Amino acid sequence: MDGRDVSVDQSERPEARLDQAVRVAEQALIEFEIAVETFRVEVENFSRLHHQKLGPMYARLDELDAQIAEAKAARTGDPEDLRRAQEARAAVMPMPGVEELFHDWVDSDGLSPEAAAMLTDRSVQPPKRVRPSDEVRKLYRDLARKAHPDLARDEDERARREEFITRVNAAYARGDEGLLRELSEEWAAGPVPEVRLSESEELYARLEWLAQRKEMLSLVARELEESAIGAMLRMAPDDPDRLLEEIAEQLLAQVAEREAELGGLVD
């Protein structure tokens, strides 16, 4: 023997290369999950604001359509016009109950600020931002990359991460920058997950699980993108508030047209 070191380079072991592939797949999946969750929150917030701002206009249009159809049917007496009037009236949402009418109008102190503003000359408080701020988005992404459950290598660690990331998601959905900073400090002070070498069988199973998870998230992302609200949001990702304003202007014009048409029928 010439005394040369004939040990196998650890980086050339199949398990080492497989472990590296798992780590790359984990990070790719986490980035994808962050993107999907970010878009989900945007769609949810935009949907809420869309309903809040434009819902009454859609309801008014439906009511005007029903009244127009009923006025035409009253004039003609034609069975087809009567049928259309019945269908238009059936399409109008029924009047909500008292609880629904006063939802978010009253609290333990009486009238909410928004309700009080509507009953006075004060302007109504504008709705919350459609999307979390850039700083909130950055904090969320940083936390998700550090604490994501997909980085866990045992069930106890996964449970700890899942509980923590649930709180992170809730804070992000509310755009709570202060709470996200507190969560960052909490994670930094917590236990560091133990990283241990995996056997080939475990690594292959891990890759398979990651692939299945990616497929599931792809379906979620596709559903969000193909939803009506998702499609609207993609039309103006940088200025969704302006998109709502444009739709509101269009709806107001339609309401004016319907009111003029109805006025001509009942005069």
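On to the overall build of the chain, then. Across its full length, the chain carries ten helices and two strands. N-terminal to C-terminal, the α/β element order of the chain is α-α-α-β-β-α-α-α-α-α-α-α. A burial count over the chain gives 31% of its 267 residues as buried. Taking as baseline every contact in the chain between residues at least 6 positions apart, the subset at least 24 positions apart corresponds to 72%. Carbon together with sulfur atoms contributes 54% to the accessible area of the chain, which is approximately 17,400 Å² in total.

Scanning the entire structure with this criterion turns up 30 salt bridges. Residue Glu 42 is joined to Arg 137 by a salt bridge in which the shortest nitrogen-to-oxygen separation is 2.7 Å. One end of the pair, Glu 42, is in helix α1 (residues 14-76); the other, Arg 137, is in helix α5 (residues 134-147), and 95 residues separate them in sequence. Looking at Glu 42, the relative accessible area reads 7%, which means it is buried. A residue is classified by how much of its surface remains accessible, and Arg 137, at 14% relative accessible area, is buried. Among the salt bridges present, the one from Glu 163 reaches Arg 167, with a minimum N-O distance of 2.9 Å.

So, on to the packing of aromatic side chains. Taken as a whole and judged by the stated rule, the model has two aromatic pairs. Taking 4.2 Å as the distance between ring centres and 15° as the angle between the ring planes, the aromatic pair formed by Tyr 140 and Tyr 172 counts as stacked. Taken together, the residues Tyr 140 in helix α5 and Tyr 172 in helix α6 (residues 155-174) connect sequence positions 32 residues apart. Exposure remark for Tyr 140: the relative accessible area of 4% places this residue in the buried category.

Attention now moves to the nonpolar core. Val 43, Phe 46, Leu 54, Met 232, Leu 243, Ile 247 and Leu 251 are the most contacted members of the largest nonpolar core, which has 25 residues in total. Among the secondary structure elements, those contributing two or more residues to this core are α1, α8 (200-226), α9 (228-235) and α10 (240-266). Ranked by the residues each element gives to this core, the list is headed by α1, at eleven residues. Contacts of Val 43, omitting those with residues within four sequence positions, involve Leu 224, Ile 229, Gly 230 and Leu 233. Core analysis: the next-biggest nonpolar cluster, separate from the first, contains 17 residues, Tyr 140, Ala 147, Val 168 and Leu 180 among them.

Before going further, it helps to examine helix α2 (residues 79-91). The end-to-end C-alpha separation of α2 is 18 Å, in line with the 18 Å expected for 13 residues at 1.5 Å each. Inspection of α2 places Asp 81, Ala 85 and Ala 88 among the buried residues, and these make up the whole buried set. Looking straight down α2, one finds its buried side chains confined to an arc of 65°; they lie on one side. For α2, the exposed residues lying more than 90 degrees away from the buried face are Pro 79, Gln 86 and Ala 90.

What counts and what doesn't
- Residues numbered from 1 in each chain as written.
- Predicted model: local features only at pLDDT ≥ 70, side-chain atom pairs only at ≥ 80, totals over all residues.
- Heavy atoms only, no water.
- Helix = DSSP H or I, 4+ residues; strand = E, 2+ residues; numbered from the N terminus.
- Buried < 20%, exposed > 50% of the residue type's maximum accessible area, 1.4 Å probe, protein only.
- Contact = heavy atoms within 4.5 Å.
- Areas by Shrake-Rupley, 256 points an atom, 1.4 Å probe, with all protein chains shown as cover.
- Salt bridge = Lys/Arg side-chain N within 4 Å of Asp/Glu carboxyl O.
- Phe/Tyr/Trp six-rings, centres within 6.5 Å; stacked < 30°, edge-to-face > 60°.
- Core = buried A, V, L, I, M, F, W, Y, C linked by side-chain atoms within 4.5 Å.
- Expected span 1.5 Å × (residues − 1).
- Arc of directions from axis to C-beta.

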